[in-house]
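# Observations on the three-dimensional arrangement
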Amino acid sequence: MNIRLLAKRNIQGNAQRYLAYFFSIVLSVSIFFIYASFIFHPDVVHANIPGGQLISKGLIAAEIVIIIFSVFFIAYSNAAFIQPRKKEFGLLTLLGMSKSQLRKLIYLEQTMVSLISILIGVGLGFLFSKLFLMAVSWLLAVEQPISFVIVPEAFVYTIVGFILLFQLLSLLSLFHIGNAEVVDLLKDKQKPKKTPFVSKWLVALSAVCLSISYYLAGTMSLNNSYRVLPIVFFVLIGTYFLFSQSIVALCSRLYRKKKSLYGGTNLITQTNLIFNIKDYSRLFFLTSIITAVILTAAGTLFMFSADLKKQGMDNIPQSIGWIENDASVYSVIEPSAVEKILKEDGFKILYEVNMTGVPITHMLSHMRTGESSENRSLLISESDYNNTAALRKIEPAKLSGKEALYIFPYGGLDYQFVHKGEQKELHFGNRTIQVTMIGQRNQSIVTPIKAATTLMVVDDQLYHEITADVPLKEMARVRGYEIKDWEESMETSSEIEQMSNNPNHNQLQTRAPIYQEMKQGSILIFFIGLFVSLLFFIVQGSMMYLRVFTNLEDKKIQIHALHRLGLTKKEIRQILSAEIRILFFAPFLIGVIHAIVAYVALSNLLGSNLFVYSAMVIATYFLFQLLYYQVTKKMYGRAVINSIK
């Protein structure tokens, strides 16, 4: 017998404990290798793939996330493997093994597992990289699929990077043994657990931090998106003390209710919980944050992709729209030419926009500094606004006298540039008109480009008084066409753009190309994020799995004693199920609450109701969590019940 053989047999003996850890590392290495294969692919490096550089940047960010996450997971797992084996290490020391030999044994075990994981992970990554390239080729809609080639850099970065990572963390994990004496190692598990101490101040701090973070998230918008960092800070602090203090206080209160305590197996379940909750608090904290991150990231990507069509229609009101700086002529493109192309390509025109306005200037406060500066808008009549608003199912404006309404085109920004009752001067040439503002609407009715980016709506009578002596050539004309099935009008839009006299690409705008480009980018990001989210989910489940199986031997001893006292196997299964259920779903519940608050913030940013999308994401995640719970419960229950003689 030598240390190398002993390390090998220890791995075989602890195979069930290493199982989830092993698969998590294999998955991490595989995804890292696949992403690296694309990043260093010759076609991507030499920019031969349209959009390849953009995807490459996203994958690099994903690689960094994988590495950071792997560091925390491996460090946590190494500590979880060492802690329950202190008695074993004490016996080996008692039998004559020196501290250096013991450290060598642990180092060899972790090195063997890491090398096997890396090799299998790289092998699987290499096998599935072809499928990944095919999927990216399809998403990018390239004419020639991305060729499958062996990328040496991917092998080097993955193998060398993960070996160095494992070696560093393995060396650091050896300090968990420290200079403990043999008696301390042997009696580590026999130390009695004390009733956890609860601080009312820390419980209050948890409630305050979470309340602040929820309030900041619930009232967040585009103009105060800087709140993200404070929100993350308060959520982390609040969640940590929620599990280390608030949940402990709740368990202690439940423990004092004797009536419920003596019902069924509650006494054993609640006693185990209250004395282990302090040990579980760090796991609960990590897994709840991971759950919140997965749900928020996956939900954000899914919601943005699903809500993309609505965003396109809100931000670009007409399928084809343009502005003529001189309303007396059509210098950009003739409407008849646009109609002809649409008819030839089989697109039905739902409605058209044809309105004239006067370019004006007025003073607006800057969103950040608050200082006033000159801004341009297009002055239009109330009837023109209401006619187009009706086509877009927008509430009409109601104006009289010298009242005015300011139209800002972007709904996600809730900053008020003007206020109700504010007196404003509108300038046109040498003329100045004094108006009273009735408010602001953040939703445009025409293509927001050039002078028509923002609109100033006034009463019809006032508009005619202002424009009565204004020649048509000094006015601007806004034209637009909304068509049915506009998503399919890529080629038609391209043809219209090529026919137009729009050298600077700032007077004509078509919705379909912008929408398709955003859709393609969002699908790619969703595709990349899906792998990372899957990795996070597997790792989170592995942490729970590790926690369950690291205490397996202690649980067997406890269950054996309870069985001798008269507990049936059915009651024992109830106890085990309750403990695992708490372990899986307590942090899940908190993570879901965090994610729901994040979804509210996202809804505010996008100006959309995302309830259905968020419910779908949470329900899908719950089903995966439930499946993981059932598998773990069955394996754990079988391991414990089979030990009863």
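Residues numbered from 1 in each chain as written. Predicted model: local features only at pLDDT ≥ 70, side-chain atom pairs only at ≥ 80, totals over all residues. Heavy atoms only, no water.

With that out of the way, let us pick up the packing of aromatic side chains. Considering all chains together, one arrives at 26 aromatic pairs under this definition. In this structure, arginine 511 is placed above the aromatic ring of tryptophan 486, and the distance from its NZ or CZ to the ring centre is 4.6 Å. (Phe/Tyr/Trp six-rings, centres within 6.5 Å; stacked < 30°, edge-to-face > 60°. Lys NZ or Arg CZ within 6 Å of the ring centre and 35° of its normal.)

Below, the discussion takes up the pattern of salt bridges. A pair can form between side chains of opposite charge whenever their charged atoms are brought close. Within the structure shown, the criterion is met by four salt bridges. A salt bridge links glutamate 422 to lysine 424; its shortest N-O distance comes to 3.4 Å. Note on glutamate 422: relative accessible area 26%, which makes it partly exposed. (Salt bridge = Lys/Arg side-chain N within 4 Å of Asp/Glu carboxyl O. Buried < 20%, exposed > 50% of the residue type's maximum accessible area, 1.4 Å probe, protein only.)

What follows deals with empty space enclosed by the protein. Leftover empty space is mapped by rolling, across the atoms, a probe with the size of a water molecule. Enumeration according to the criterion identifies three cavities of 30 Å³ or more in this entry. The volume enclosed by the largest cavity comes to roughly 70 Å³. Taken together, Phe33, Ser37, Phe38, His41, Phe126, Ser129, Leu133, Phe148, Val149, Ile150, Val151 and Phe155 make up the full set of residues lining the largest cavity. Of all the elements in the fold, those that place two or more residues in the lining of the largest cavity are α2 (15–39) and α6 (99–140). Split by residue class, the lining of the largest cavity holds nine nonpolar, three polar and no charged. (1 Å grid on protein atoms, 1.4 Å probe; cavity = no way out; pocket = protein on both sides within 12 Å on 5 of 7 lines; lining within 4 Å. Points joined across faces, edges and corners; volume = space filled by probe spheres on them. Helix = DSSP H or I, 4+ residues; strand = E, 2+ residues; numbered from the N terminus. Nonpolar A, V, L, I, M, F, W, Y, C, P; charged D, E, K, R; others polar.)

A few words now on a negative patch on the surface. A contiguous patch of negative charge, built from Glu344, Asp345, Glu491 and Glu495, is present on the exposed surface. Tracing the sequence through the fold places glutamate 491 in helix α17 (residues 490–499). Accessibility expressed as a relative area gives 70% for glutamate 491, which makes it exposed. (Patch = residues over 30% accessible without salt bridge, like charges linked within 9 Å, V, L, I, M, F, W, Y side chains within 5 Å. Areas by Shrake-Rupley, 256 points an atom, 1.4 Å probe, with all protein chains shown as cover. Lys, Arg positive; Asp, Glu negative; His and termini not counted. Charge placed at Lys NZ, Arg CZ, Asp CG, Glu CD.)

Let us now look at a nonpolar patch on the surface. A cluster of nonpolar residues, Ile116, Ile120, Leu124, Leu127, Phe128, Leu131 and Met134, forms a patch on the protein surface that exposes about 660 Å² of accessible area. Along the chain, isoleucine 120 turns up in helix α6. For isoleucine 120, a relative accessible area of 37% corresponds to the partly exposed category.

For the rest of this paragraph, the subject is the side chain of glutamate 482. Assignment of secondary structure puts glutamate 482 in strand β8 (residues 476–483). A distance of 3.0 Å separates a polar atom in the side chain of glutamate 482 from a polar atom in the side chain of arginine 511. When residues no more than four places from it in sequence are discounted, the contact partners of glutamate 482 are Met313, Pro317, Gln318, Ser319, Lys348, Ile349, Leu350, Tyr351 and Arg511. (Polar contact = N/O pair within 3.5 Å; in protein donor to acceptor, adjacent residues only side chain to side chain. Contact = heavy atoms within 4.5 Å.)

Counted residue by residue, strand β1 (residues 320–324) has five buried out of five residues, so it is predominantly covered. Bridge analysis of β1 against β8 gives five bridges, and the strand direction is antiparallel. Bridging from a neighbouring strand, isoleucine 323 pairs with valine 478 of β8. Relative to strand β9 (residues 508–510), β1 runs antiparallel, the two sharing three bridges. Its bridge partner being in β9, glycine 321 is matched across the sheet by glutamine 509. (Pairing = 2+ DSSP bridges.)

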